[in-house]
Structures are given as structure tokens and as C-alpha cells.
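Below, each chain spelled out in residue letters.
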Amino acid sequence: MRATLMYGAGDVRVENVPDAQLKESTDALVVVTRAGICGSDLWPYKGMKPSDVGHRMGHEFIGVVEAVGKDVRTIKVGDLVAAPFAWSDGTCEFCQQGLQTSCLHGGWWGGTELDGGQGEAVRVPQADGTLVPIPVGKDHELMPSILTLTDVMATGHHAAVAAKVSAGKIAAVVGGGAVGLCGVIAAKRLGAEQIIFLDRHADRVALAKEFGATDIVTERGDEAIARVREITKGVGAHSVLECVGYDESTRTALSIARAGGAVGRVGVPQGEAMPIARPTFYGNITIAGGPAPARAYMNELLVDVLDGSIQPGKVFDFVGNLNQVPDGYRAMNNREAIKAIIEF
């Protein structure tokens, strides 16, 4: 079969690899119909050291089940399924708490040991705990929105939950990529009265407004902090969604939270230390978040996608086939596209 591999910064290739196949009795074999390129895929695209061994890429995918192991009970051959960006057994202590990204028997797609979602097929470990059946056909018009549930929409929702967004609150979203845009959707869905969107790119700002942003801040750094303070009459936002992971974006997010507020961090941290620790301490600011347990949110969010309440699939503005995956990486890295979807 053919799949996407990364050999170093900027070096993405589509190559022939061994066919995916069942190994464990709890596995499923999924033939991929849609996959995404994620903003987090750009971290190694920017900085991975050259390697003689390609790393399988992709952790957002939808597909049709071709085979299942003898112990799989809830998934059957022919099902259309969506896979969250981490696989999990669904039964361990943490899965039962809705924290599947900390599953005691789970893991992450791709690398050198597992299939990645940006390929023709994937062996899915722990199929019962991982896969979510989708009750529409594989070519349904809602496929882009459903695909976002495997990561970016679930992650935006996780940021909003961690930031304690609720009815009547002021929310601020730092970062205008696909996750931040989905964070706007999530904040509106949870009842935020005012949603401040921090980004300067016209295409992202336009989409944020469509999704429900009420105020736009194009400044950065100290100027952005001052502008948010001005918008909020000097006190800051109740709920801040940090959707980037850089030190500067984290500092901005922490600085615009009001006393007693909360910051939901879902951008993968690119630094080791937490900025402005003392001011957040004295402000009694809650700092929460981490990798989103997408599997815990997918069924809930799927209902809203299917009834048209939310349309997160609009974040996809690059559509390509498997051969065009390297083009999708380049377009996203050059900010020529917000997010790429791959159709098989």
C-alpha cells in the first residue's frame, strides 16, 4: 500500500510500504477514505532531524472497516468509522474517566512502529475502544466536518471546557489555526456572550467571524494584551483558549485572563517553563488542558455536526489526493492554507 512518510524537515514522501494487517485479536483494519494534515504535523516538518527511516504520518482519518479481530465486538466489517488521534481500550481507569489520551493500554498513530492516517489503510489497535461508527455514507457532504472531530474540533472543545467557558462569559481565543477556529465554535456552543479572536490573517479572521467571534485583535505581544484589556474594560477574559503552544502565545493567554479566570491550553508546548508564573498565581488563575481526549467528545459533537448546528469542516481550504500530501504540507507551512484534507 502507499502511505506518507517524513524523513526530515520539509522532506515528506508518499511511498510504498507493507500492507496494513491485523496483528492482535482486538485490532481492526480500516481502509482510509479521508485524512487530515494537522498543525501539529508541521512541528516535525519544520524541525525534524534527517533520518534514514521514514516516520509514518497522520492521526486524523475516516475509513471503512475491512477486517476485524476475533475479539472485536462493537465494530463490524463494512462500518464507516472515525478514529480519534489517539487509540485507547475504553475500559481502563482513565478511559472510564473520559481521559482516553492517558489510556494505560493506548498510544499514538504513526512513527516507526504503527500506521499513520495519511495512508491507504491503518491497523487500528483496541478497535472497540477507539473507533466511532458514523451513520452516513462515506461520500456524504458532512465528511469534512466529521473528520474534524478526530482532532481539531475535539481539541477546540477541550480548550473551551478546560477554560470553563459557559453562558454569559467572555472568552478569548489565542491562535487562528484550525484548532483556534474550532475553539471559537466551541466557545459559542457553550454559551460565551463575547468571543475575542486573536489573529491577524484575513482568511482566518473572516472564518472566525462566521463562527461567532465578536471582537478581533490583530496586535501581538504586549499590544495584544493591552487591546484585550481595553475590550474587557481593564479586567480580562473569564476564559482563555491557548491554541498555539509558543512561549509568546502562552504568555499572551495567561496575561489576558482576569483574576479568578481560567486558561485552557491545547497548543503543544514548545518551551519547558511556564511564563509569568507569579502573576497567574496571585491572580488565582486556573491553568488546565493538555491533549484532548477526542474519543470522549466525538459522539456528543457528532450530533451537532449531523444536525447542522456546527460546521467545523469549513476550516479545510486545501483538498488533495494522496499524491498531493507534500503539497498540503507546503501550503499549510507557508500559510497558504488553514488545513488540508486528503481524499482517497
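Residues numbered from 1 in each chain as written. Predicted model: local features only at pLDDT ≥ 70, side-chain atom pairs only at ≥ 80, totals over all residues. Heavy atoms only, no water.

Turning next to empty space enclosed by the protein. Counting across every chain of the model gives 1 cavity of 30 Å³ or more. In this structure, the largest cavity encloses a volume near 40 Å³. Forming the walls of the largest cavity are Pro84, Phe85, Ala86, Gln100, Thr101, Ala292, Pro293, Ala294 and Arg295. Taken together, the residues of the lining of the largest cavity break down into 6 nonpolar, 2 polar and 1 charged. (1 Å grid on protein atoms, 1.4 Å probe; cavity = no way out; pocket = protein on both sides within 12 Å on 5 of 7 lines; lining within 4 Å. Points joined across faces, edges and corners; volume = space filled by probe spheres on them. Nonpolar A, V, L, I, M, F, W, Y, C, P; charged D, E, K, R; others polar.)

This next bit is on the layout of surface pockets. In this structure, the second largest pocket occupies an estimated 250 Å³ of space. Lining the second largest pocket are 14 residues; nearest its centre among them are Lys23, Arg56, Glu113, Leu114 and Asp115. Classifying every residue of the lining of the second largest pocket gives 4 nonpolar, 4 polar and 6 charged.

In contact at an axis separation of 9 Å, helix α6 (residues 178-189) and helix α7 (residues 202-211) are set at 15 degrees when each is read in the N-to-C sense. On the basis of the axis angle, α6 is roughly parallel to α7. Here α6 runs over α7; the crossing is right-handed. From α6, Leu181, Val184, Ile185 and Lys188 reach across to α7, where they touch Arg204, Leu207, Ala208 and Phe211. Of the residues belonging to the contact of α6 with α7, the class tally is 6 nonpolar, no polar and 2 charged. (Axes fitted to C-alpha atoms, helices over the stretch in contact; angles between N-to-C directions. Helix = DSSP H or I, 4+ residues; strand = E, 2+ residues; numbered from the N terminus. Parallel < 35°, antiparallel > 145°, perpendicular 65-115°, else oblique. Left-handed = near helix turned anticlockwise from the far one by under 90°. Contact = heavy atoms within 4.5 Å.)

The values reported here are purely geometric and, on their own, carry no functional implication.
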